[in-house]
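Understanding the architecture of this molecule
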Amino acid sequence: MRINEAGDSIAQREQGRGEISASGQPAGASSAAGAKPSARTRTNHLAPDDAAHPMPTGTKLLSLYIPLIPSILGLCFARAGLIVAGYGSYTHTDEGIFTDGAMLAALGIMSVILIVIGTRKIRLKKRTTNRIMRTCIVLETACVLALPLVHLAGVFSPNVHYWLCVAVTFFGSFAIFYWLRRARGCGSTTAALYVFSALAISEVEIYICSLIGTYGFYLAAALTLLQFPCMLGARKNKLANDIESFTPNDDFFGFATTLLSSKRFLTATATSIGVLSIVDGFLRGYPDGVPIAFHPVTRVAYGLLTIAICCMIISMMMRKRKSVMTVGMFILLELFACAALVLYAAFPGMPDIGAVFTTTLNALLVAFTWYIIIAFMSFGWRDPYYYALGGWIVWLGCRAIARVTLINMQSLSTNDLLINAVMGTCVVISTQVALGQFLKVSQMEADERHDLHVRRMERLEKQLERAQANVEALTILKDNAGGYSECGACANAAPVGAGAAGAASAANPLQCAGITPVESAEPDDAADESSAVQPDSTHGMRLVRLMGLDEGDSIADIRKATMRSNAEQMGKQFLLSDREVEVLAFYALGWTQKRVAEELYISPSTAHAHIKRIYAKTGLHSRQEILDFMDQYTS
């Protein structure tokens, strides 16, 4: 696939140097000129999704993902500090009000930040992001250490414990956001490996902390501090976006279908996760809101089950199994929710058995939400923190509200039949929203393909009729060649193929015979494909805009999208790499090399090297020449 693309690009480049089309563009550039700007702000390295290109194995696979180890470990350490302090190392399903009650308070602050970022359309620079991360690491570590120290000092109170948990939840969440931000723009397999391997490793860390009692807080604080060397190591390695990754066409990261379908997938998923999180909140305190204590055996069973499921998902993605992270993931989550309900009912005196599946469900929701957040970050145009905050509020907000409601509403906590009915209803709603929406999108795409096929067949029939008429006219022309040679209009006609201007200024024998050329179907095909993406309803567009999946409506956003499209066209003509296309898009906007480096999370020297290679490949010598070329030969 890549070899063919490279060959096509070489051919386009040769034609672009030697031939100029009638429109004044190099051959090969005009076909892309009408392309709409992409909504995506970063370029994926996507591997073909067919069996002819198998995923690497063994040492090749290991070497491919070794650069991600610092980032994966950083994500593990950030989660470990949060879980040990706010969730009690999962010795229970959670810590009740100190978990979900503290989460509600933290989410309230996050909501304010989300509104500010969304309304002011703030995009944080690399330097600001790094400063926020360093501050969060220090404060998360301090809060984790403070929890056991207040007990030792004899100044413990529920209020102090509560607000320390709020602080740990807030700063730990932002540390997690930083590591998710580093993975934006990657392929589906890379994202799955990134989040599920981090989840599995963090489960081992958290289990060790649970075995050593109070000392677990000190270990968690040390792990939290280890994010500093992870930051340094991650900067020296390439980003997840630079790794070739298998991405199914129908996955969240594929976007091979229409933009509308992609947005529907993400919107349906966010809604379904929110509803399923309500079930998770009820199950973790079933039936009366009190945290469920694990026994040693069930605690080990939970950890092993979670790690096994993570390994299974990673293995299936590596084997190029499709629909794993869409339909398959929702089926798995809903199976765990149903299994927990059944086990609670089957073993009323041993709730920790059902809690094994409940806590595994919660852990899988963690990784899946990370995965979806990375998809939002990759597809949307807003600052990555916007999508991280939104995902956190949808998932953990719904879960926390359900849990706090269960704790404080006696009529619900004392009625097992009622709470079971509520949870069953939520599971059904989650299933209907997710799977029903996926089926609707598939049907919509099938209808679009059918309509496109019908339009193409109608055009082909018209062209066939025109061709048959031309054959008859050519026969007449051949039989009456002598008569046309005496025609004054034909004798003074411009040569056939002299262009539209020449054909309009004078007649020729073909026109005298009534022959018209058969038009190409390519422009119509492009029009059909562009018209396939129909605008959504007003309500749907509001939701898309709220979720940050619109393309931006400011002049600056439109200019960025247009420049991105122009850079992609130049990349095809001059065989620029994906990273060079990214650099070119920002550089052509007038950004300095330092600002380009900050936006793409690369060093200024690397940005400078990319720009030098762009000049060498294109034969241009200044930013103005690049802009002139874009103005003349791109859309």
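Numbering of residues starts from 1 in each chain and follows the order in which that chain's sequence is written. Whole-chain, interface and lining totals are the exception, using all residues; otherwise, since this is a predicted model, local features are given only for residues with pLDDT of at least 70 and side-chain atom pairs are given and counted only at 80 or more. Only hydrogens and water are set aside; all other atoms, that is, all heavy atoms of the structure, feed into the side-chain values.

Re the overall build of the protein chain
To be explicit about the condition: Segments assigned H or I by DSSP are reported as helices when at least four residues long, segments assigned E as strands when at least two residues long, and all are numbered from the N terminus. The cut-offs for exposure are 20% and 50% of the maximum accessible area for each residue type, with area from a 1.4 Å probe on protein chains only; residues under the lower value are buried, those over the upper are exposed, and the others partly exposed. Contact definition: two residues touch when any of their heavy atoms are within 4.5 Å. Throughout, the Shrake-Rupley method with a 1.4 Å probe supplies accessible areas, and for residues the shown protein chains are the sole cover considered.
A count of helical and extended segments in the protein chain gives 28 helices and 2 strands. Relative to its 635 residues, the protein chain shows a buried fraction of 50%. Here the analysis covers contacts within the protein chain between residues at least 6 apart in sequence; of these, 83% occur between residues at least 24 apart. For the protein chain, the computed accessible surface area is about 28,200 Å², with 64% contributed by carbon and sulfur atoms.

Concerning empty space enclosed by the protein
Selection criterion: In this analysis a 1.4 Å probe is tested at points of a 1 Å grid over the protein atoms alone, and where it fits but cannot get out there is a cavity; an open set with protein on both sides within 12 Å along at least five of seven lines is a pocket; lining residues have an atom within 4 Å of a point. Grid points are joined across faces, edges and corners, and a volume is the space filled by probe spheres set on the points. Classification convention: Asp, Glu, Lys, Arg as charged; Ala, Val, Leu, Ile, Met, Phe, Trp, Tyr, Cys, Pro as nonpolar; all other residues, Gly among them, as polar.
Within this structure, the stated rule accounts for 5 cavities of 30 Å³ or more. Contributing elements (two or more residues each) for the lining of the largest cavity: helix 4 (69-87), helix 14 (351-379) and helix 15 (384-408). In the lining of the largest cavity, the residues fall into 11 nonpolar, 1 polar and 2 charged. Empty space within the second largest cavity amounts to approximately 60 Å³. Secondary-structure elements contributing two or more residues to the lining of the second largest cavity are helix 6 (126-152) and helix 26 (593-600). When grouped by side-chain class, the residues that make up the lining of the second largest cavity number 3 nonpolar, 1 polar and 8 charged.

Comments concerning the packing of aromatic side chains
Quick reminder of the rule: Aromatic pairing here means that ring centres of Phe, Tyr or Trp (its six-membered ring) are within 6.5 Å. Orientation follows from the plane angle: under 30 degrees is stacked, over 60 is edge-to-face, and everything else is tilted.
Inspection of every chain in the model, using the stated rule, returns 22 aromatic pairs. Relative to Tyr302, the ring of Phe294 lies with its centre 6.1 Å away and its plane at 20°, an arrangement referred to as stacked. Residue Phe294 is classed as buried on the basis of its relative accessible area of 12%. Overall, the relative accessible area of 0% leaves Tyr302 in the buried class. Both rings, one in Phe336 and one in Phe357, keep their centres 5.6 Å apart while their planes meet at 40°; by these two values the pair is tilted. Taken together, the positions of Phe336 in helix 13 (residues 324-346) and Phe357 in helix 14 put the pair 21 residues apart, joining distant regions of the chain. Overall, the relative accessible area of 6% leaves Phe336 in the buried class. A relative accessible area of 26% means that Phe357 is categorised as partly exposed. By way of ring pairs, the aromatic residues Phe170, Phe171, Phe174, Phe177, Tyr385, Trp392 and Trp395 are connected into one cluster.

Regarding a positive patch on the surface
Rules: Note on patches: the residues involved have over 30% relative accessible area and no salt bridge, like charges join within 9 Å, and the nonpolar side chains Val, Leu, Ile, Met, Phe, Trp and Tyr join within 5 Å. What makes a salt bridge here is a side-chain nitrogen of Lys or Arg within 4 Å of a carboxyl oxygen of Asp or Glu, nothing more. Counting rule applied: Lys, Arg positive; Asp, Glu negative; His and chain ends not counted. By convention, the point assigned to a charge is CZ for Arg, NZ for Lys, CD for Glu and CG for Asp.
The grouping of Lys125, Arg127, Arg131, Arg134, Arg235, Lys560, Lys594 and Arg595 at the surface amounts to a positive patch. Secondary-structure elements contributing two or more residues to the positive patch are helix 6 and helix 26. The greatest single-element share of the positive patch, amounting to 3 residues, is contributed by helix 6. Inspection of the secondary structure assignment puts Lys594 in helix 26. Assessed through its relative accessible area of 46%, Lys594 is described here as partly exposed.

Section: the confidence of the model for the protein chain
As a note on interpretation, predicted positions should not be read in detail where pLDDT is low. Definition in use: Known as pLDDT, the predictor's per-residue confidence is scaled from 0 to 100.
Per-residue confidence for the protein chain gives a mean pLDDT of 78, with 73% of residues at or over 70. Here residues 1-52 scores under 50 on pLDDT; set against residues more than four positions off or in separate chains, the count is 104 contacts. The low-confidence segment residues 493-507 (pLDDT under 50) makes 13 contacts with residues lying over four places distant or belonging to another chain.

Topic: the pattern of salt bridges
A full pass over the atoms with the stated rule returns 12 salt bridges. We note a salt bridge from Arg79 to Glu203, for which the minimum N-O separation is 3.1 Å. Taken together, the residues Arg79 in helix 4 and Glu203 in helix 8 (residues 188-211) connect sequence positions 124 residues apart. No difference in accessibility class separates Arg79 from Glu203, as the two residues are buried. Between Arg579 and Glu582 there is a salt bridge whose closest N-O contact spans 2.9 Å. Note that Arg579 and Glu582 are positioned in helix 25 (residues 578-588) at a spacing of 3 residues, about one turn of the helix. Grouping residues by exposure puts Arg579 and Glu582 together as buried. Taken together, the salt bridges that share partners define one network made up of Asp94, Asp100, Arg284, Arg399 and Arg403.

Describing the nonpolar core
Note the threshold: To qualify as a nonpolar core, a set must consist of buried Ala, Val, Leu, Ile, Met, Phe, Trp, Tyr and Cys residues joined through side-chain atoms within 4.5 Å.
Among the nonpolar cores identified, the biggest contains 129 residues, and Trp179, Phe196, Phe368, Tyr371 and Trp392 are the most heavily contacted of them. At 17 residues, helix 14 tops the list of elements feeding residues into this core. Leave out the neighbours within four places in its chain, and Trp392 touches Leu107, Met110, Ser173, Ile176, Phe177, Trp370, Ile373 and Gly397. Leu584, Ala597, Ile611 and Ile626 belong to the second largest nonpolar core, which has 27 residues in total.

Section: the packing of helix 5 (residues 100-120) against helix 7 (residues 158-181)
Operational definition: Only the stretch in contact is used when a helix axis is fitted, and all axes are lines through C-alpha atoms; the angle between N-to-C directions ranges over 0 to 180 degrees. Here is the rule for angles: anything less than 35 degrees is roughly parallel, anything more than 145 is roughly antiparallel, 65 through 115 is roughly perpendicular, and the remaining ranges are oblique. Note on convention: the crossing is left-handed when the near helix lies turned anticlockwise from the far helix by less than a right angle, right-handed when the turn is clockwise.
Interhelical geometry of helix 5 versus helix 7 gives an angle of 50° and a closest axis separation of 8 Å. Viewed along their axes, helix 5 and helix 7 adopt a mutual orientation that is oblique. Note on packing geometry: the crossing formed by helix 5 with helix 7 is right-handed. Packed against helix 5, whose contacting residues are Gly101, Ala102, Met103, Ala105, Ala106, Ile109, Met110 and Ile113, the element helix 7 presents Tyr162, Trp163, Cys165, Val166, Thr169, Phe170, Ser173, Phe174 and Phe177 at the interface. Residue classes in the contact of helix 5 with helix 7 are distributed as 14 nonpolar, 3 polar and no charged.

With respect to unusual backbone geometry
In the segment running from Tyr286 into Pro287, the intervening peptide bond is cis, with an omega of -5°. Tracing the backbone through its elements, the reader meets Pro287 in the loop between helix 11 (259-283) and helix 12 (296-318). Phi at Lys320 takes a positive value of approximately 65°, unusual for a residue other than glycine. Examined against the element boundaries, Lys320 turns out to sit in the loop between helix 12 and helix 13.

Remarks on the state of the cysteines
The condition is simple: Whenever a pair of cysteine sulfur atoms sits within 2.5 Å, that pair is classed as a disulfide.
Evaluation of the coordinates by the stated rule reveals 0 disulfides. The thiol sulfur of Cys143 is not disulfide-bonded, and the nearest other cysteine sulfur, from Cys165, lies at 9.4 Å. Left without a disulfide partner, Cys398 is nearest to the cysteine sulfur of Cys426, which lies 9.6 Å away.

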